[in-house]
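Survey of secondary and tertiary structure
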Amino acid sequence: MKQEFSSVIAALQGKRILVIGDMVADIYLDGRISRISREAPVLVLEQVGEKIVAGGAANVVNNIATLGGTVYAAGLVGADKGAKGLRDILEQNGAHTEGMLTDPSRPTISKTRIIAGGRATVSQQIVRIDKESREPMSPVLEAEMERYLKKVLPEIDGVVISDYGAGTVTEGLQQALIAYCRQHDLPSIVDSRYAIRRFRHIGYVKQNDAELAAAVGRSLHGAEEIIAAGRELLQDLEADGVLVTRGELGMILIEKDGAVHDIPVSDKSEVFDVSGAGDTCVATVILALAAGVQPARAAELSNIASGIAVRKLGTSTVSSQELLQALQR
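As a starting point, this report considers the structure included with it. (Residues numbered from 1 in each chain as written. Predicted model: local features only at pLDDT ≥ 70, side-chain atom pairs only at ≥ 80, totals over all residues. Heavy atoms only, no water.)

A few words now on the pairing of strand E10 (residues 204–208). Along E10, four of the five residues are buried, which leaves the element largely enclosed by surrounding structure. Summarising the sheet, strand E9 (residues 188–192) and E10 pair through three bridges and their orientation is parallel. Across the sheet, the residue bridging to Ile189 is Tyr204, located in E10. Of the pairings in the sheet, the one linking E10 to strand E11 (residues 241–245) comprises five bridges and is parallel in character. Counted as the bridge partner of Tyr204 is Gly241 from E11. (Buried < 20%, exposed > 50% of the residue type's maximum accessible area, 1.4 Å probe, protein only. Helix = DSSP H or I, 4+ residues; strand = E, 2+ residues; numbered from the N terminus. Pairing = 2+ DSSP bridges.)

Quick look at the nonpolar core now. One finds Ile17, Val19, Met23, Val61, Ile64, Leu90 and Val160 to be the most contacted residues of the largest nonpolar core, which totals 51 residues. Ranked by residue count, the leading element in this core is helix H8 (residues 277–290), at nine residues. Not counting residues up to four positions away in its chain, the partners in contact with Leu90 are Ala54, Ala58, Val61, Asn62, Ala73, Ala95, Thr97 and Met100. Tyr148, Leu149, Ile178 and Val190 belong to the second largest nonpolar core, which has 44 residues in total. (Core = buried A, V, L, I, M, F, W, Y, C linked by side-chain atoms within 4.5 Å. Contact = heavy atoms within 4.5 Å.)

Below, the discussion takes up the sheet that holds strand E3 (residues 43–56). Here four strands make up an open sheet; going across it, the order is E3-E2-E6-E7 and the pairing mixed. The outermost strands of the open sheet, each flanked by one partner alone, are E3 and strand E7 (124–131). In this sheet, adjacent strand axes meet at a mean angle of 20° when their direction is disregarded. As judged from the nine bridges shared by strand E2 (residues 23–36) and strand E6 (residues 109–117), these two strands associate in the parallel manner. Looking across to E6, one finds that Leu29 is bridged to Ile114. This element, helix H3 (residues 81–92), spans E2 and E3 of the sheet and lies at about 55° to E3. (Axes fitted to C-alpha atoms, helices over the stretch in contact; angles between N-to-C directions.)

Another aspect to go through is unusual backbone geometry. A positive phi angle, near 55°, is found at Asp185, a position not held by glycine. Tracing the sequence through the fold places Asp185 in the loop between helix H5 (171–183) and E9. Within the chain, Glu238 stands out as a residue other than glycine whose phi angle is a positive 55°. Mapped onto the fold, Glu238 is located in the loop between helix H7 (222–237) and E11. Under the relative-accessibility criterion, Glu238 is labelled partly exposed at 43%.

Before going further, it helps to examine the sheet that holds E10. With mixed pairing, nine strands are arranged side by side in an open sheet as E5-E4-E1-E8-E9-E10-E11-E12-E13. Edge positions in the sheet fall to strand E5 (96–102) and strand E13 (260–263), since each has one partner strand and no second. The mean inter-strand angle of the sheet, taken between neighbouring strand axes irrespective of direction, is 15°. Where H5 meets the sheet, it contacts strand E1 (16–21), strand E8 (158–163) and E9, and its direction lies at approximately 155° from that of E8. Where helix H6 (residues 209–216) meets the sheet, it contacts E9, E10 and E11, and its direction lies at approximately 105° from that of E10.

This next bit is on helix H2 (residues 57–66). Judged by how many residues are buried, H2 sits mostly within the fold: ten of ten residues are covered. Among all positions in H2, only Ala57, Ala58, Asn59, Val60, Val61, Asn62, Asn63, Ile64, Ala65 and Thr66 are buried. Downstream of H2 by one or two residues, Gly68 has phi in the positive range, about 105°.

The subject of this paragraph is H7. Across its 16 residues, H7 extends 23 Å between first and last C-alpha, which sits within 8% of the 22 Å expected from 1.5 Å per residue. For H7, the elements touching its buried residues are E10, H6, E11, strand E12 (251–255) and E13. At the exit of H7 stands Glu238, carrying a positive phi of roughly 55°. (Expected span 1.5 Å × (residues − 1).)

Listed below in structure tokens is the structure:
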């Protein structure tokens, strides 16, 4: 098995993947506790650091890049510091960012976390400030995005739609992408937090167990109920497969031919942070499918990659070298 996966990892290198979706700048502001404010009973923090990390669809892009894929990012950003930070991060890893279109009328989607600590205290997050536009994509930008997709799709080996509910993936773009993938037999996967039932005829669906429960409108208790719900969603969407992530319980893949694969966690060592693990999962699955790997093997590989991601703090990436090392262990 290890030798098989090692050869698969080699096959992932250079696969060309398009990621379209909601690009998010995760901003971390670190502050040292200075004093209590005279204006109100709140802490005064002296800022000592600021870091921008790729989140949302941008984290999928980043993971594909660090795993060795050639990745094309498509989404909307503002004309601000968050957009520059995202482009810098992704381009440093070799991602193509021409499809990250600038809309000066909206901010880049951002989640700013204020971290407070002192010389003798443990740092902790005290508040998060979210910023995004609720306005739909303008017809002008949607047409520009359509032109970009038509340009790059003939070179693409696989497509990811990463939908965090911010409206980047319009109905028209969604339908055109899915139709293109079906027509040209391209693997595709969608990760949609709130509106998974939009994506009829997509190739593969990734949901965590809570998202799947919301999609079918009922609580899910145990593997049997998750499998039943996954089959229901699979049939309704006429997809090829549904991959359900279950945290410390691993993953379940339900395929359209009726096959069910219950994949336990690959490593039960301490979990530090689950942020972004789903993005790592999606990135690994699409690369493997683009390389011709069978879906069950692709899910197993993504399970290993996700196991690496959850042992890192914050949204993080996994490299092909780390995957090889995990397999060797």
